[in-house]
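Given next are the chains, with one letter for each unit.
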Amino acid sequence: MITTVTANPSLDRTLHLPRLEPGRVNRATRTLVEPSGKGVNVALGLHGAGVSARAVLPVGGASGTELVGLLDALGLAHVDVPVAGAVRSNVSLVEADGRTTKVNEPGPTLAPDEVAALLDAARASSARGEWVVWAGSLPGGFSPQRLADAVADARAAGRRVALDCSGQALVTALSRDGEQLPHLVKPNAEELAELAGRPLPTLGDVLDVAGDLVRRGVRTVLVSLGGDGAVLVDADLTEPLHGRAQAGAVVNTVGAGDAFLAGWLAAADGGAAPADALAAALRSGAAAVEHEGTLLGTPDPRRPVSIGPVHRDQPVAAH
């Protein structure tokens, strides 16, 4: 069983329109409403791949009730922590050419006892040797320090910990050393640059920052680079890897990083070698961008993937 924890889940409303015209009335051609938040997305990706997964999340308000109903309809196991505030709603505006504009609400502010209840539920929902995935933004009342403590506590309790967050939460969690660090982190190029405090214009720059994290105690660093693929630095590899998967028409990029992480975890949890897990992750991410909503497409194991050494001087388009 893989447990994901989403401290700030959401209802995702995806509106498709021919072209976004700011300052004018825009009419959507179709709309999707889906359960979301990074950890929820990862759990749904795992569930769709046939991997046992459970989502832990705070639930409150009418939007929370709707979210729970959608998770039930999809057959995903979940542990709900009642909170006084309402789950947020996020809106994605997807144009015909695939360009996406996302508007995220801040979400509720959790009381101290609600944060404690969420941490307790995350701890009780997993067992030694299993993956626990902390993913997404933190709501008000949930400090980055509490997240860093949760990561360290999970590791001390024998869990394998994956972390996918950004900003101060990521900085704080990675300010620790050794066995208080997560086993795996999955930043994108922008998040890794923010962590480094400098631009990362080439794959060599990405590799330097990711490699430093592995030397400090993170076992696996997966850096998603959008159209430039992904870089993998892993303690079990003698050399880092750079990979790409061929994608068709890009319909919606929202959730692609979550699909990428779900693909990696599904393969790694099944005992795949790092290079094979990277290939699975790339296929999952490519499938996601071809999908209209934020729920994840089904990866095709025959999708072409190229994996090889990192060419340090190759530019990163999204740096």
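Residues numbered from 1 in each chain as written. Predicted model: local features only at pLDDT ≥ 70, side-chain atom pairs only at ≥ 80, totals over all residues. Heavy atoms only, no water.

Caption draft 1: Layout of empty space enclosed by the protein. One pass over the structure, following the stated rule, counts one cavity of 30 Å³ or more. Considered as a void within the structure, the largest cavity measures approximately 40 Å³ in volume. Lining the largest cavity we find Val5, Ala7, Trp134, Ala135, Gly136, Ser137, Leu138, Leu147, Leu163 and Cys165. For the lining of the largest cavity, a count of residues per class yields eight nonpolar, two polar and no charged. (1 Å grid on protein atoms, 1.4 Å probe; cavity = no way out; pocket = protein on both sides within 12 Å on 5 of 7 lines; lining within 4 Å. Points joined across faces, edges and corners; volume = space filled by probe spheres on them. Nonpolar A, V, L, I, M, F, W, Y, C, P; charged D, E, K, R; others polar.)

Caption draft 2: Spatial organisation of the pairing of strand S9 (residues 160-164). Within S9, four of the five residues are buried, which leaves the element mostly enclosed by the surrounding structure. Looking at chain direction, strand S8 (residues 131-135) and S9 are connected through five bridges and run parallel. If you follow Trp134 over to S9, its bridge partner there is Leu163. After leaving S8, the chain enters helix H4 (residues 144-156) and then returns to the sheet as S9, a path that is right-handed. When S9 meets strand S10 (residues 184-185), the two strands line up parallel, connected through two bridges. Bridging from a neighbouring strand, Leu163 pairs with Val185 of S10. In the classification by handedness, the crossover that spans S9, the intervening helix H5 (residues 167-173) and the parallel S10 is right-handed. (Buried < 20%, exposed > 50% of the residue type's maximum accessible area, 1.4 Å probe, protein only. Helix = DSSP H or I, 4+ residues; strand = E, 2+ residues; numbered from the N terminus. Pairing = 2+ DSSP bridges. Right-handed = clockwise from strand over helix to strand, strands pointing away.)

Caption draft 3: Fine view of the sheet that holds strand S2 (residues 10-17). Taken together, the four strands give an open sheet; going across it, the order is S3-S2-S6-S7, and neighbouring strands pair in mixed fashion. The open sheet has two free edges, formed respectively by strand S3 (30-36) and strand S7 (100-104), since each of these has just one partner strand. Between one strand axis and the next, the sheet turns by 20° as a mean value, whatever way the strands run. Summarising the sheet, strand S6 (residues 88-95) and S7 pair through five bridges and their orientation is antiparallel. Considered in S7, the bridge of Leu93 is made with Thr101. The strands touched by helix H2 (residues 61-74) within the sheet are S2, S3 and S6, with S3 carrying the most contacts at an inclination of about 90°. (Axes fitted to C-alpha atoms, helices over the stretch in contact; angles between N-to-C directions. Contact = heavy atoms within 4.5 Å.)

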